[in-house]
Each structure stands twice: as C-alpha cells, then as structure tokens.
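Here's the letter readout for the chains.
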There are 2 protein chains.
Amino acid sequence: MASNEIMTNKNSTSDIKCIILQQTFTGKRELKVTTIPKPPAPADDEILIAVKACGVSFNDVLARYGLLEDIPRPPFVPGFEFSGEVLDIGTNVTNVDRGDRVVVLTHFSAWSEQIIVKKDLVFKIPKEMSFREAAVFPVAYLTAYILLFEIGNIKPNQTLLFHSAGGGVGVALTQLSKLVPNLTIIATASPHKFEVLRAHIHYLFDHDMDYIEDVKKIAPDGIDLVLDCMAGDDCERGLALLKFNGKYIMYGTSSLLSWSVKNFFGLTKGMSNWWQNDKISCLRLFQDSKSVHGFNLIQLLLRGSNDTRSYLADTMHKIFLLYKEGKIKPVVDSVFTFEEVNNALGKLIDRKNIGKVVIEPFLQSKPEKVKKSKTNTPQGRSEDAHSSSTSGPDDDNDDKDPDDFQTNNPASNP
Amino acid sequence: MASNEIMTNKNSTSDIKCIILQQTFTGKRELKVTTIPKPPAPADDEILIAVKACGVSFNDVLARYGLLEDIPRPPFVPGFEFSGEVLDIGTNVTNVDRGDRVVVLTHFSAWSEQIIVKKDLVFKIPKEMSFREAAVFPVAYLTAYILLFEIGNIKPNQTLLFHSAGGGVGVALTQLSKLVPNLTIIATASPHKFEVLRAHIHYLFDHDMDYIEDVKKIAPDGIDLVLDCMAGDDCERGLALLKFNGKYIMYGTSSLLSWSVKNFFGLTKGMSNWWQNDKISCLRLFQDSKSVHGFNLIQLLLRGSNDTRSYLADTMHKIFLLYKEGKIKPVVDSVFTFEEVNNALGKLIDRKNIGKVVIEPFLQSKPEKVKKSKTNTPQGRSEDAHSSSTSGPDDDNDDKDPDDFQTNNPASNP
C-alpha cells in the first residue's frame with residue numbers, strides 16, 4: 001500500500017526511519033534500519049499515519065527467511081500491523097480524522113515511521129487502549145476470532161485443541177475460548193511457559209513430545225476443532241485426532257522454519273515428508289463428515305476482494321466491542337526498538353514470548369547488559385526487553401498489569 | 001435398528017411385507033419383496049411404527065450396487081426415511097404417542113411394513129403434511145439445510161453452485177436458497193429438466209457438458225459455495241471454480257455409479273483418475289483460505305454420537321417450522337409400490353425424476369401399459385407412475401398441486 005521505493009543512501013530532514021528487508025549480492029536476506037523519503041500527501045481514499053508501535057508475528061519471521069508466499073522482491077518494508085496517529089487524510093476519508101489514534105492492518109509496509117494506507121482497514125482505537133495494545137491487536141485477535149467463531153463455529157461443551165498457546169494468537173485464542181461455556185481447552189506450548197499458561201488452559205502438552213495418545217485419553221471421541229499454526233506433522237496429528245464431524249483449520253505454517261533449516265542441513269531423517277506430500281483424501285473427508293480449512297490472513301490482505309476487506313473490518317469492530325466490555329485484553333510480552341528488530345524476531349523463533357512482541361520506531365536502545373531473561377513469569381510477560389521505565393516517550397505502561405493475561409469476566413458467548 | 005433377521009420362506013398371518021437386498025450365490029445383488037416376522041413389542045426407548053410411505057434417494061441406489069461404505073452384509077432391509085403411524089411405544093418414550101403420524105430417519109431398515117426404531121429421530125409431522133410429503137422430507141431437507149445454513153453458512157449476495165438440481169436434495173436446495181436475499185444460483189441438471197427448473201434457478205447448465213468456462217463468465221471471482229453430490233471430476237471442477245476464501249462441500253458420490261460401470265467395462269479412458277487419486281493439498285487450501293468439507297448423512301446416522309443425533313433432531317424441527325410457514329414444500333415426483341422398487345431406483349439412475357421418488361407398501365400395482373412418460377412437466381412431477389386416482393387407499397393427493405415445486409413466499413432468511 002505504501003510506496004515501497006527504498007532509497008537507503010539518503011538522509012535528509014524529509015526522510016523517515018524504517019526497517020527494510022534486503023538481499024545481499026550473495027543472496028543473504030537481512031533486516032536493516034534505514035531511511036526513506038517521507039510519504040507524499042494521501043490520495044483521495046488514503047490516510048497518512050505517524051506510526052507509534054508495530055506488532056511482530058510469526059509471519060514476519062517467515063517473511064524474513066523467504067518462507068512466505070507472494071512476498072515482494074527485496075528490498076521492501078515488512079510488517080502487517082501497527083498503531084499510530086493520523087497525520088493527514090484524503091478527500092474521500094470519513095472513518096477517521098486528523099489526530100485520531102488508530103490501528104491498521106496492512107499487507108507489508110508497517111515497520112516505518114510514517115505510512116500511507118488505504119482507508120478500509122484503519123480503525124479508531126478505544127480511548128482506554130494504549131498504542132502498544134493496539135499494535136498487537138489486529139493479527140492475533142482477528143485470527144483467533146475468525147478461527148473460533150466464524151470458520152470454527154465453536155459451540156458450548158465441545159473440545160478445542162490448538163498449538164503455541166503462549167504465542168500472540170494462542171493468548172487471544174485462550175481468552176476468546178473462555179467466552180464459550182463448558183469448552184474443554186487442550187493446547188501445546190513450550191514447557192517453560194506451562195507455569196503461566198496452566199491457570200488458563202485445561203490440558204497442556206509439550207509440543208515437542210508426541211501428544212496424540214494423551215489427547216486421546218482426554219477426548220476419546222476426538223476433538224471438535226483443531227486449530228493448527230504449525231502444519232507439517234501437526235497437520236497429520238490434527239486430522240488423526242479429529243472427531244467424526246470435526247473441523248481442522250490450518251492458519252499458519254510455523255514449523256516450516258525448523259523443517260527448512262533441518263532440510264538445508266540434511267537433518268530431516270525420521271521426520272515425516274509432509275512438506276513434500278501434504279495431501280488429504282476428499283473421499284475420506286466425505287466418509288467422516290470432516291472438514292479441512294485454510295485461513296490465511298496475509299493472503300486475505302493481499303488478494304481479498306472489497307467484500308473480504310469489509311468482512312475483516314466488521315469482525316474487527318466486534319472484537320473491539322469485546323475489548324470495551326473487558327472480555328479480552330492484549331498481552332504485550334516485550335518491546336524492542338526498530339534497531340533491535342532481530343532480537344524481536346529471535347524471541348518468536350526461540351519461542352520465548354508469552355503474548356505479543358512489539359517494535360517501536362522511537363524507543364531508545366539500551367545496552368545489552370541491562371536485559372534480563374525472565375520470560376517465565378506468572379504475569380505472562382517478559383522483562384528481557386525494555387522495562388517500562390526505560391522505554392522512552394511512547395511508553396504507555398501496558399506491560400505493568402500483572403493480571404493482563406486473562407480478564408476475569410464471567411463467561412458469555414459473543 | 002429394526003431386526004434384520006430375514007426369513008424369506010415364511011408367510012404366516014404374523015408376517016409383514018418388506019424389501020430386502022439379497023446376494024445370490026453368483027454374487028449378484030438384487031432387491032426382492034418378501035415377508036419377515038412382525039417386530040416384537042418395542043423396548044423402553046423404542047417405537048413401533050406402521051409404515052405408510054418411504055423416500056428413495058441416491059444413497060439407496062449406491063447401496064443397491066454395493067457402492068456405499070459400511071452397508072450391512074446382505075440380506076438386509078434398505079431405506080433411510082419413512083413416514084407412518086405409531087402403533088406402540090416403549091415405557092421411556094415421551095416425544096410421540098400411539099396413533100401419532102410421524103416421520104423417521106434411520107440407518108437402513110425403512111422399506112418395511114412395520115419397523116421398530118429408537119425414539120430420538122422420530123418426529124411428529126404437521127397435520128397439513130401428507131404421509132408422502134413426510135416420507136421425502138428428512139434426507140433431502142436436512143441435507144440441504146445443513147449444507148446451506150450450517151456448514152455452508154451462506155450469506156446474502158453470494159454465489160452458489162450445485163448439481164442435480166432436479167433431484168430430491170436439488171429441489172430442497174433450490175427452495176431453501178430462495179430464503180437468502182440476492183443469492184446467485186447456478187446449477188447443473190439433465191437438459192430435459194431445464195424447462196421446469198429454469199423458473200427457479202438463475203443459471204442452468206447441462207451437467208454432461210464442461211460447464212467451467214461458462215460458470216467463470218458468470219462468476220469471474222469464483223463461487224462462494226460449491227455443493228457437490230457427484231464427486232469425481234466434479235470435485236476437481238468445484239475446487240477450481242471456488243472463490244478465494246470459498247467453500248466446497250462434498251455430500252454425495254453419485255458419479256461413482258457410472259464410473260464403476262465404465263471401469264468394469266474398461267471404458268474410463270479419457271476420464272480423470274480421481275477415484276484412484278482423490279487428493280488435495282492442505283497447503284494449497286491454506287494459501288487460498290479455502291475449505292473442503294464432507295457431509296455424509298448416512299454415516300452420521302450410523303456413527304453419530306448422541307450429540308450428533310440431537311443436532312439432527314434440532315435441525316429437523318427448524319425445517320418443520322419453515323414448512324409450517326409455507327416457505328418450503330416437498331416435491332413428490334412419483335409413487336411406486338414395494339414390488340416396483342427397481343423401477344423407482346431406475347428413475348433415479350436415469351435421472352428422470354424432478355423431486356423425490358416414493359415407494360409404499362400398500363399401493364396396488366398397475367399394469368405396465370398404464371404408465372406414461374411425462375417427467376418434463378412444469379409441475380415438477382411425473383405421471384409415469386401411479387396417478388393419484390389409482391394409487392390406492394393411502395393416496396393423500398400430494399402430487400396434485402401444480403405449484404408444488406416452489407412456494408411463492410417472500411424471501412427471508414431463516
């Protein structure tokens with residue numbers, strides 16, 4: 001949406017800071033902070049926004065390593081979500097005004113100091129929502145909401161299984177699934193997150209162990225809804241665990257990263273060959289009345305029709321309502337500067353985060369030795385990035401609340 | 001559910017008439033009218049019913065030729081739906097009483113003069129609904145309703161494609177889809193049915209022609225919901241026509257019959273090898289945010305949990321409500337005696353019917369020469385079986401209404 005024209009060697013007063021993904025002559029892909037010219041005035045249907053905070057998701061990791069489909073040719077500005085303040089609007093824009101605090105979904109281009117976007121996926125944020133909370137809201141909650149309530153159509157008394165319970169979408173799924181009466185929630189996560197997650201999820205399993213037999217004991221009839229952000233072996237496991245008449249939804253391919261690395265080094269011996277043969281039988285689905293769905297928010301942002309974008313916008317408004325009612329609350333795991341973007345991605349790659357990771361253009365970098373590693377705290381947040389007291393002028397203190405993992409409102413179905 | 005113990009050589013006064021599927025010593029499968037002992041008194045949760053009329057569906061054709069999964073070993077009594085009068089109830093039965101007019105969904109055993117069934121899929125029929133209408137109601141309307149409104153979750157302004165528009169489910173789909181505002185309805189059918197169907201479906205195509213290019217012209221962005229009762233090549237076509245973010249639901253495998261015949265005679269040259277390789281790529285579904293569903297009512301009746309059976313029952317009540325509101329009306333194509341069951345199946349195999357075919361235990365057979373072939377009438381019914389004036393004591397005149405294909409009520413979403 002924003003111009004992707006990158007001019008790395010210019011640094012005038014009319015330039016702005018951004019992160020670009022570039023490719024070296026040897027083919028190496030790397031993230032780099034640089035400057036690009038300020039965007040021009042917005043066209044009729046466009047909005048110019050000063051970015052305050054950007055969400056980082058696993059799709060950014062996959063894009064970084066070239067493992068996402070339809071990514072632009074480097075150099076380009078990555079990032080799918082950000083919050084900020086409206087600087088200027090085109091003549092046809094009526095949904096926001098100059099000075100409004102907004103959050104935006106975009107197909108790349110988010111990691112910049114300023115950005116021009118089309119008006120239809122720009123949302124005013126509630127006054128009680130901080131820029132940091134807003135920046136991590138769209139991808140995680142939109143995905144989780146659509147998975148559970150739209151495609152998944154989850155009902156009371158059913159059984160739900162999902163992975164990466166400590167990740168951004170995982171935390172959103174955990175919070176939203178509490179709105180469904182008498183749901184049995186089964187999830188996988190890294191063991192060091194169990195202490196935090198145990199209070200919110202009925203059955204937790206180490207993702208790296210074979211969880212199938214244990215899950216079968218809990219749900220002998222099978223699982224009603226399997227939400228899979230991993231793909232690979234977890235696709236086969238998910239389908240195997242599915243109840244007669246159940247639904248499997250693939251919404252991410254995060255295990256592609258480790259598979260690619262292992263494949264590059266010839267280490268896939270003993271792993272299934274799913275990535276070369278990801279096929280399922282239509283007749284088998286028919287015999288079992290099962291469903292296999294794909295949900296790919298990034299592709300929807302790129303290729304979705306106006307109807308699709310309206311649908312995403314309508315859904316965002318429903319989710320804001322849940323936020324205002326206190327039923328959900330974004331969890332910020334840690335905040336990094338643009339210059340620390342590799343550390344931010346590293347948190348996701350190492351599965352250290354509980355909740356979402358944020359990068360901010362104006363946060364001041366701190367020396368490495370200040371950082372502590374305390375990911376596994378009951379607060380569901382890490383302090384190995386900047387503490388709120390050192391996070392600069394845009395700090396809005398959203399990682400101070402120890403109860404921020406799960407709101408304690410009575411369960412009710414949205 | 002009813003006892004499948006077949007005693008073909010007995011014919012005492014305590015015997016009842018039924019149709020059995022038997023297998024000869026040479027392996028030939030055939031349908032035969034015979035007698036079996038009267039059922040015993042119903043157990044606590046059971047109901048004994050005197051059968052008035054039975055619906056015939058394409059699943060009966062597939063069962064006849066051994067092309068359905070999990071069918072009993074012959075001899076057994078076929079049939080999945082029937083209407084009748086309650087003769088006796090078990091001590092735990094409260095949903096119906098002796099003398100009630102009911103309709104029943106069952107996993108086989110329907111084609112009998114009397115039958116004992118479990119209580120949970122027995123429904124009282126509205127007083128304005130005839131036994132014939134009732135007998136063809138459950139399979140067609142339950143399937144169509146779940147496909148459109150539950151799994152398909154069809155929305156106004158979307159585009160729908162389905163096959164066999166003149167079949168039992170096809171007619172139900174046509175009627176129910178009229179309840180969704182501004183839906184674009186595309187369907188395939190046999191050309192001789194076009195005259196009848198044209199008034200109710202926006203775009204009609206000959207199923208035996210390659211309809212893909214024509215459909216693409218009507219819906220350049222693709223189809224939102226493809227409902228496929230054929231499988232085989234239509235599965236590939238359906239997936240190819242699907243809109244980004246669209247849904248494909250396989251709910252039948254009727255093309256398996258012609259494929260099996262052609263395969264037996266070595267005539268499949270030029271046909272796709274779908275029946276040997278019915279695979280789809282999970283990653284492709286993920287990239288396109290598409291869904292592939294199976295819906296198999298017969299398997300749900302056999303293997304569905306109590307929850308599943310409750311769900312089917314709840315859905316039946318919703319559909320009865322639509323009937324009472326005059327929004328849907330079953331179409332009876334033709335009525336046959338038990339003795340004419342092969343003619344009844346032949347109607348479906350030859351795709352001659354518009355609406356449902358009924359068989360009745362007490363209808364008197366008529367000489368062959370009385371039959372006329374007038375399938376292609378605007379009334380959406382055939383007169384090549386018994387006319388209502390010759391159909392015996394159980395005739396309740398439901399094939400007399402010339403407007404019975406489509407009710408003319410204002411569109412509204414259920």
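Refer to the preceding data block for the structure.
A short tour of the structure in this document, coming up.

Conventions adopted
Residues numbered from 1 in each chain as written. Chains lettered and ligands numbered in written order. Predicted model: local features only at pLDDT ≥ 70, side-chain atom pairs only at ≥ 80, totals over all residues. Heavy atoms only, no water. Contact = heavy atoms within 4.5 Å. Buried area = accessible area lost by both parts, 1.4 Å probe. Salt bridge = Lys/Arg side-chain N within 4 Å of Asp/Glu carboxyl O. Polar contact = N/O pair within 3.5 Å; in protein donor to acceptor, adjacent residues only side chain to side chain. Helix = DSSP H or I, 4+ residues; strand = E, 2+ residues; numbered from the N terminus. Expected span 1.5 Å × (residues − 1). Buried < 20%, exposed > 50% of the residue type's maximum accessible area, 1.4 Å probe, protein only. Pairing = 2+ DSSP bridges. Right-handed = clockwise from strand over helix to strand, strands pointing away. Axes fitted to C-alpha atoms, helices over the stretch in contact; angles between N-to-C directions. Parallel < 35°, antiparallel > 145°, perpendicular 65-115°, else oblique.

1. Examining the interface of chain A and chain B
Point 1. Taken residue by residue, the interface counts 36 residues in chain A and 36 residues in chain B.
Point 2. Each partner contributes to the roughly 3300 Å² buried at the junction of chain A and chain B, and carbon and sulfur atoms together form 57% of this total.
Point 3. When the area that chain A buries against chain B is broken down by residue, the three leading residues are Phe244(A), Cys282(A) and Phe286(A), summing to 20%.
Point 4. At the boundary of chain A and chain B, one finds four salt bridges.
Point 5. Note that Asp288(A) and Arg303(B) form a salt bridge whose closest N and O atoms lie 3.4 Å from each other.
Point 6. In this assembly, chain A and chain B are joined by 20 residue pairs in polar contact (both at pLDDT 80 or more).
Point 7. Sorting the residues of the side of chain A that touches chain B by element identifies strand 12 (242–250), strand 13 (279–281), helix 9 (282–288), strand 14 (291–294) and helix 10 (297–303) of chain A as the ones contributing at least two each.
Point 8. Among the elements that line the side of chain A that touches chain B, the one with the most residues is helix 9 of chain A, at seven residues.

2. A look at helix 11 (residues 306–324) of chain A
Point 1. The end-to-end C-alpha distance of helix 11 of chain A is 27 Å, a good match for the 27 Å that 19 residues give at a rise of 1.5 Å each.
Point 2. At the exit of helix 11 of chain A stands Gly326(A), carrying a positive phi of roughly 75 degrees.

3. Let's talk about the pairing of strand 11 (residues 223–228) of chain B
Residue and element names in this part refer to chain B.
Point 1. Most of strand 11 is tucked away, with six of its six residues classed as buried.
Point 2. Relative to strand 11, strand 8 (residues 159–162) is paired through three bridges, and the arrangement is parallel. Each bridged residue has a counterpart across the sheet, and for Leu161 the counterpart in strand 11 is Val226.
Point 3. Since strand 11 and strand 12 (residues 242–250) lie parallel, the crossover through helix 7 (residues 233–241) that links them has a hand, and here it is right-handed.

4. Some words on the sheet that holds strand 12 of chain A
Point 1. Sheet architecture is open: twelve strands sit in the order 10(A)-9(A)-8(A)-11(A)-12(A)-14(A)-14(B)-12(B)-11(B)-8(B)-9(B)-10(B), paired in mixed fashion. The open sheet is flanked by strand 10 (203–206) of chain A together with strand 10 (203–206) of chain B, the only strands paired with a single partner. Pairs of neighbouring strands in the sheet enclose a mean axial angle of 15 degrees, with direction left out of account.
Point 2. The sheet strands contacting helix 7 of chain B are strand 8, strand 11, strand 12 and strand 14 (291–294) of chain B, and the helix crosses strand 12 of chain B at an angle near 155 degrees.

5. Some remarks on the packing of helix 3 (residues 138–151) of chain A against helix 11 of chain A
Angle between the axes and distance between the axes: these two values describe a pair of packed helices.
Residues and elements named next belong to chain A.
Point 1. Two elements in contact, helix 3 and helix 11, have axes whose closest approach is 10 Å; the angle formed by their N-to-C orientations is 95 degrees. By the angle between their axes, helix 3 is roughly perpendicular relative to helix 11. Where helix 3 approaches helix 11, its residues Pro138, Tyr141, Leu142, Tyr145, Ile146 and Glu150 are matched on the opposing element by Tyr311, Leu312, Thr315, Met316, Lys318, Ile319 and Leu322.

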